[in-house]
Amino acid sequence: MAGVNKVILVGNLGADPEVRTLESGVKVARLRVATSESYTNREGVKVDQVEWHTVTLWRQLAEIAEKYLAKGRQVYIEGKLQTRSWKGEDGNDRYATEVVGNTMQMLGRGNESGDQSRPQAASQPQASPSQAPSNTGDESDDLPF
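Residues numbered from 1 in each chain as written. Predicted model: local features only at pLDDT ≥ 70, side-chain atom pairs only at ≥ 80, totals over all residues. Heavy atoms only, no water.

Caption draft 1: A look at the overall build of the protein chain. Along the protein chain, the regular secondary structure elements total one helix and seven strands. Helices and strands appear in the protein chain in the N-to-C order β-β-β-β-α-β-β-β. Of all 145 residues assigned to the protein chain, the portion counted as buried reaches 26%. The contacts of the protein chain with a sequence gap of at least 6 include a subset with a gap of at least 24, amounting to 56%. (Helix = DSSP H or I, 4+ residues; strand = E, 2+ residues; numbered from the N terminus. Buried < 20%, exposed > 50% of the residue type's maximum accessible area, 1.4 Å probe, protein only. Contact = heavy atoms within 4.5 Å.)

Caption draft 2: How the structure looks around the pattern of salt bridges. Applying the stated criterion across every chain yields a total of six salt bridges. A salt bridge links Glu66 to Lys27, with the shortest nitrogen-to-oxygen separation between them at 2.6 Å. Taken as a pair, Glu66 in helix 1 (residues 59-68) and Lys27 in strand 3 (residues 27-40) lie far apart in primary sequence, 39 residues in all. Using a relative accessible area of 40% as the deciding quantity, one classes Glu66 as partly exposed. (Salt bridge = Lys/Arg side-chain N within 4 Å of Asp/Glu carboxyl O.)

Caption draft 3: Examining the pairing of strand 6 (residues 93-107) more closely. In terms of strand pairing, strand 4 (residues 46-58) meets strand 6 through two bridges, oriented parallel. Paired with Thr56 across the bridge in strand 6 is Val100. Pairing of strand 5 (residues 74-87) with strand 6 involves 14 bridges; the strand directions are antiparallel. Within strand 6, the position partnered with Gln74 by the bridge is Leu107. Taken together, strand 5 and the strand that follows it, strand 6, pair antiparallel across an intervening segment of five residues, in which Gly91 is found at a positive phi of about 90 degrees. (Pairing = 2+ DSSP bridges.)

Worth remembering: the numbers are spatial, not functional.
Below you can see the structure in the form of structure tokens.
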């Protein structure tokens, strides 16, 4: 059985996206996204816990991030976890686990001028329609989903 590698984040950008263009002309954006949760500890004190995530967006999503995202903006990211490794300057192996996003939606308020022409959702192409499963079964089944 195949595994599932899916991440969904809703959080705020901690900095403007870092966008670069590779020699091949492909754009890649790196985002720092903060998610938070609150809970009450045993002493009755409310505790806020923040987790920082590194998100990488490629091609069209990187271009959209470059144009429309800025520090503080709330975003919805869907993607997968990916770990990469390299040799550090000191010769030691280094590792980084990041979210590679394939869907991004800007949440919250747009820019201050009220411009609603911003794209709100974007995703990388997943599969061609010919690869999508077809529903050839009986449509009248009584399953609730």
